[in-house]
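Structure at a glance
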Amino acid sequence: MTADDSFGRLDDDDYPAYTMGRAAEMLNTTQGFLRAIGEARLITPLRSAGGHRRYSRYQLRIAARARELVDAGTPIEAACRIVILEDQLEEAQRINAEHHRDAKPPSAPPAA
């Protein structure tokens, strides 16, 4: 992948563009917190060729939500489970909305 290819993917929510240090800085948290939510299987960062953790914008949003819950006093394991369930609910609601949209009967032609 060339530098031009990488630059073009920065708009991709799933592209692992952020190092652990940068991710922790952006979230105003510690690298230990990122490791902990990784161990809890909330997010699984990709690894660079050198073995360093890399995070996507989507993963940073998930981590930020977990951080909010932990800051409010929720234990980290419970915060991770809550975020997973919230994410699953959002996906189920999106799928349900698609099914409802696709299942609508065609509108009747106007009466003559």
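Check the entry above for the structure.
So, a few notes on the structure that sits alongside this text. Think of each chain on its own: its residues are numbered from 1, step by step along the sequence as written. Given that this is a predicted model, residues contribute local features only at a pLDDT of at least 70 and side-chain atom pairs are listed and counted only at 80 or more, while totals for whole chains, interfaces and linings are drawn from all residues. The side-chain quantities take in all heavy atoms of the structure and omit both hydrogens and water.

Before going further, it helps to spend a moment on the packing of helix 2 (residues 20-27) against helix 3 (residues 31-39). Working convention: axes come from line fits to C-alpha atoms, limited for helices to the stretch in contact. Angles between N-to-C directions cover 0 to 180 degrees. Helix and strand labels come from DSSP, where a helix needs a run of H or I of at least four residues and a strand needs a run of E of at least two; each type is numbered from the N terminus. Taken N-terminus to C-terminus, the directions of helix 2 and helix 3 make an angle of 105 degrees; their axes are 8 Å apart at the nearest point. Taken together, helix 2 and helix 3 sit at an angle that is classed as roughly perpendicular. Where helix 2 approaches helix 3, its residues Met-20, Gly-21, Ala-23, Ala-24 and Leu-27 are matched on the opposing element by Gln-31, Leu-34 and Arg-35. Of the residues that constitute the contact of helix 2 with helix 3, the class distribution is five nonpolar, two polar and one charged. Between 65 and 115 degrees an angle is taken as roughly perpendicular, under 35 as roughly parallel, over 145 as roughly antiparallel, and anywhere else as oblique. Throughout, a contact is declared for two residues whenever any of their heavy atoms are within 4.5 Å. Here the term charged refers only to Asp, Glu, Lys and Arg, the term nonpolar to Ala, Val, Leu, Ile, Met, Phe, Trp, Tyr, Cys and Pro, and the term polar to all other amino acids, Gly among them.

Right, let's get into the pattern of salt bridges. A side chain with one charge can pair with a side chain of the opposite charge if their charged atoms come near. Just to be clear on terms, a salt bridge is a Lys or Arg side-chain nitrogen sitting within 4 Å of an Asp or Glu carboxyl oxygen. Tallied over the full model, the rule gives eight salt bridges. The partner of Arg-67 in a salt bridge is Asp-71, with the nearest N and O atoms 2.8 Å apart. Placement of both Arg-67 and Asp-71 in helix 4 (residues 57-71) is noted, with a separation of four residues, approximately one turn of the helix. The salt bridge partner of Arg-94 is Glu-98, with a shortest N-O separation of 2.3 Å. Here Glu-98 and Arg-94 lie together in helix 5 (residues 76-103), a separation of four residues that amounts to about one turn.

Attention shifts here to the environment of Leu-34. Locating Leu-34 in the fold gives a position in helix 3. Three exposure classes are used, based on accessible area relative to the maximum for each residue type with a 1.4 Å probe and protein chains only: buried under 20%, partly exposed in between, and exposed over 50%. In this structure Leu-34 comes out as buried when scored by relative accessible area, which is 2%. Excluding its chain neighbours within four sequence positions, the residues that come into contact with Leu-34 are Met-20, Ala-23, Ala-24, Leu-27, Tyr-55 and Ala-63.

What follows is about helix 4. Taking 1.5 Å per residue, 15 residues should reach 21 Å; helix 4 reaches 21 Å between its end C-alpha atoms and fits that length. Looking only at helix 4, the buried set comprises Gln-59, Leu-60, Ile-62, Ala-63, Ala-66 and Leu-69. In the core, the buried residues of helix 4 are packed alongside strand 1 (18-19), helix 2, helix 3, strand 3 (53-55) and helix 5. Looking one or two places after helix 4, you find Gly-73, whose phi comes out positive at around 105 degrees. The span you would expect from a helix comes to 1.5 Å times its residue count less one.

Turning to the packing of aromatic side chains, a few remarks are in order. Any pair of Phe, Tyr and Trp rings, taking the six-membered ring for Trp, is counted once the centres come within 6.5 Å. Such a pair is stacked with planes under 30 degrees apart, edge-to-face with planes over 60 apart, and tilted for the rest. The full count for this structure, using the stated rule, is zero aromatic pairs. Over the face of the ring belonging to Phe-33 we find Arg-67, whose NZ or CZ atom lies 4.5 Å from the ring centre. Here, a charge over a ring is recorded when the distance from Lys NZ or Arg CZ to the ring centre is within 6 Å and its angle to the ring normal is within 35 degrees.

Its place among the elements puts Gln-59 in helix 4. Gln-59 sits in the buried class, given a relative accessible area of 9%.

What follows is about the sheet that holds strand 1. When DSSP finds two or more bridges between a pair of strands, those strands are recorded as paired. In spatial order, the strands read 1-3-2; together these three strands make up an open sheet with antiparallel pairing. Looking at strand neighbours, the two that pair on one side only are strand 1 and strand 2 (46-47), the edges of this open sheet. As paired strands, strand 1 and strand 3 are joined by two bridges and run antiparallel to one another. Each bridged residue has a counterpart across the sheet, and for Tyr-18 the counterpart in strand 3 is Tyr-55.

Spatial relationships are all this shows, so hold off on functional conclusions.
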